[in-house]
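# Structural features, examined
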Amino acid sequence: MSRTKVIAAGLLAGFIAAIAMTVMMLLLAYFGVATPLVIIGDRLSVFIPPGPFLSLMGKVGGYNHLKQLGVGSTIAGQLLVGGIGGAIFGLLMWRNPTESSTIWTMSIFVILPIVAFAVALWPVLGASYIGLPIDAARLVTLVGFAFCVFVFERMLVGGFQFLMRQKIASEDREFTPAIARRAFVLAAIGVALAGGGVALARKLYRAATFSYDGTQYKGRIVQPITPNDLFYCVTKNVVDPHVNADLWHLEVLGLVQNRAEWRFQDLKGFPPVEQETTLMCISNGLDAGLISNAIWKGIPLRDLLDQAAPLSNAARVRLYGVDNYTDTIPLEKAMDPTTLLAYEMNGVSLPHRHGYPLRAIVPGYFGEKHVKWLTRIELTTADAKGFYETQGWGPAFMTPTRSRIDVPDHESWFSLNKLNGAIEVKGMAYGGDRGISRVELSFDDGKSWLDAEIYYTGGDLAWSLWKTAWMPDAAGDYILVVRATDGEGDVQEWEEDRGWFSGVTGFHKIGVHLTV
Ligand SMILES: Nc1nc2c(c(=O)[nH]1)N[C@H]1C(S)=C(S)[C@@H](COP(=O)(O)O)O[C@H]1N2
Ligand SMILES: [Mo]
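Not measured: the values here are computed from a predicted model. (Residues numbered from 1 in each chain as written. Chains lettered and ligands numbered in written order. Predicted model: local features only at pLDDT ≥ 70, side-chain atom pairs only at ≥ 80, totals over all residues. Heavy atoms only, no water.)

## Side note on the nonpolar core
What tends to happen in soluble globular proteins is that the nonpolar side chains get buried as a cluster. The condition that has to hold: Residues belong to a common nonpolar core when they are buried Ala, Val, Leu, Ile, Met, Phe, Trp, Tyr or Cys residues joined through side-chain atoms within 4.5 Å. Burial status follows relative accessibility: with a 1.4 Å probe on protein chains alone, a residue under 20% of its type maximum counts as buried, one over 50% as exposed, and anything between as partly exposed. Each helix is a run of DSSP H or I of at least 4 residues and each strand a run of E of at least 2, with the numbering of both proceeding from the N terminus. In what follows, residue pairs with any heavy atoms lying within 4.5 Å of each other are defined as contacts.
Core analysis: the biggest nonpolar cluster contains 68 residues, and L250 and I377 have the highest contact counts within it. Of the residues forming this core, the biggest block, 5 residues, is contributed by strand β7 (residues 340-345). Those residues within four positions of L250 in sequence are excluded, and the remaining contacts are A260, E261, W262, L267, L304, L341, L358, L374, T375, R376 and I377. I19, A20, V33 and A127 belong to the second-largest nonpolar core, a separate cluster that totals 48 residues.

## Considering the layout of surface pockets
Heads up, the condition is: Think of a 1 Å grid over the protein atoms and nothing else: a 1.4 Å probe that fits but is trapped marks a cavity, an open set flanked by protein within 12 Å on at least five of seven lines marks a pocket, and residues with an atom within 4 Å of a point count as lining. Grid points are joined across faces, edges and corners, and a volume is the space filled by probe spheres set on the points. Gly falls in the polar group here, along with every residue not listed as nonpolar (Ala, Val, Leu, Ile, Met, Phe, Trp, Tyr, Cys, Pro) or charged (Asp, Glu, Lys, Arg).
When its volume is computed, the largest pocket comes out at roughly 1,200 Å³. Along its surface, the largest pocket is lined by 47 residues, and V38, V71, N237, V238 and V239 are the ones closest to its centre. Listed by contribution, the elements that provide at least two residues to the lining of the largest pocket are α1 (3-30), α2 (36-45), α3 (50-60), α4 (63-95) and α8 (177-207). Here the residues of the lining of the largest pocket sort into 29 nonpolar, 12 polar and 6 charged. Taken as a whole, the second largest pocket holds about 500 Å³ of empty space. Considering the residues around the second largest pocket, the lining is formed by 19 residues, among which M21, Q78, V81, P113 and F145 are closest to the centre. Of all elements in the fold, only α1, α2, α4, α5 (102-121) and α6 (134-164) reach the threshold of two or more residues within the lining of the second largest pocket.

## Quick word on the site of ligand 1
Put simply, the test is: Whether a residue is near a molecule or strand depends on its heavy atoms: if one lies within 4 Å, it is near. Pairs of N or O atoms are called polar contacts if they sit within 3.5 Å, as long as, within protein, a hydrogen donor faces a hydrogen acceptor (for residues adjacent in sequence, only side-chain-to-side-chain pairs). Those molecules having more than half of their atoms within 2 Å of a cavity or pocket grid point set are described as sitting in that cavity or pocket.
Looking at ligand 1, there are 18 residues lining it, with Y232, D323, H354, R359 and K372 nearest. The contact in question runs from an oxygen atom of ligand 1 to an N or O atom on the backbone of V234, over 3.1 Å. Between ligand 1 and H354, the relevant distance is 2.7 Å, taken from an oxygen atom to a side-chain nitrogen or oxygen of the residue. Mapping ligand 1 onto the cavity grids shows that it belongs to the largest cavity. Looking at the shell around ligand 1 residue by residue, the class counts come to 9 nonpolar, 4 polar and 5 charged.

Below, the structure written as structure tokens:
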């Protein structure tokens with residue numbers, strides 16, 4: 001048997017073993033187990049600073065495409081490494097056919113990958129899309145991965161031996177019809193496996209976040225309270241968690257005197273509070289709708305922290321989601337009575353995509369801090385960082401005052417003759433946790449300002465909605481601008497020295513054209 005043919009056999013066996021392994025991973029993913037398909041992306045994305053991250057996102061056409069690219073390249077990488085691994089295996093077998101001991105192949109193809117996997121991905125292994133606590137999840141992820149590489153090893157060795165049956169020993173016949181037939185059989189198995197994989201991938205695709213990640217809420221549909229199914233949505237996940245509350249619990253640990261674990265039912269035993277609070281993503285553009293308002297019901301985080309008794313060196317609180325997402329808030333903010341652990345949103349149990357069974361509500365801070373699918377609260381020192389903080393977002397995470405014109409549309413046309421009455425102009429204004437005291441509109445690109453009527457206010461932690469009746473008297477092109485004043489009397493401004501990744505500031509403007 002020539003060297004090339006043995007290597008080719010190894011390559012084929014390795015490739016098909018890698019397909020089998022990938023199908024195993026898809027199956028595990030289907031049952032909510034974290035697999036390399038997604039957590040490699042989680043692990044790597046924290047190393048990409050926000051600038052390159054955004055430009056990469058722009059190049060591939062958005063966050064959803066970036067996620068697909070991440071999973072796709074992981075699968076491609078696995079198939080490639082599997083094939084190459086198989087080829088090297090073939091080469092070694094050709095050199096030394098007697099070396100085929102199981103201990104040897106197990107060490108190279110099972111033990112080594114598990115160790116490498118555990119070391120490289122340790123920080124993200126504790127993810128579970130059914131909501132297992134972090135330590136249990138880490139074990140499940142490792143066992144799942146071990147199973148996948150075991151499948152790879154058995155398929156590689158089995159496939160290779162199947163192709164090479166009697167061949168290495170006899171050495172007499174070359175690439176005979178017999179081996180070609182066997183290669184065909186093995187390839188057919190590969191195709192069948194791949195078919196199963198594609199079916200699974202389709203199922204997962206339908207469950208994936210692509211259909212709703214990046215949902216915005218703006219324009220004429222804006223109401224005081226955002227209906228749950230229209231609430232803006234941002235997630236780092238390819239498939240979001242679907243937590244089983246019976247498996248789930250909430251841990252409080254770190255720099256505390258009393259560690260604790262709470263079941264969902266225990267949390268319901270605390271006196272609940274209801275609070276209207278607006279959330280806005282740090283990447284929300286001046287005209288964008290990554291902002292929404294809801295009434296949250298839950299308990300103050302403080303109630304749990306008081307029982308845990310933070311140690312004197314605790315300065316920050318790190319919040320963990322079951323999806324290995326983390327973010328941090330200052331301990332002082334965590335102790336604020338308005339910082340909540342919410343389990344209801346607008347009168348119903350939290351929807352899965354908004355963090356069922358429990359999420360953090362941190363008024364006045366960007367959406368990033370409102371960790372969904374919360375499962376662990378860790379008291380830490382001042383230098384702890386979360387997912388996006390490690391990427392380099394911030395340093396400021398408190399929302400500046402922002403406002404937006406929702407009606408009319410940008411670049412609308414009106415005919416003065418056909419107007420019966422005023423043109424209604426309306427929108428929202430949001431002052432973080434400072435409330436809104438005044439909204440002004442300009443119809444001349446900011447040269448002069450007129451007060452708008454605030455017709456809805458949701459309190460200090462929520463947005464206000466405003467409107468005005470505009471009666472233009474001349475045709476022309478108008479530039480409308482809105483600016484708000486927060487409850488502390490500070491007028492919305494463009495903060496020149498605000499960091500690039502601390503959220504944009506400035507004014508929303510629209511163009512409106514009036515003809516006679
Ligand atoms: N566990 C977890 N929490 C998370 C995220 C996430 O990906 N995972 N995304 C954050 C971001 S970037 C934002 S803007 C808000 C969005 O919350 P919403 O989807 O409920 O509007 O959730 C935050 N909490
Ligand atoms: Mo966000």
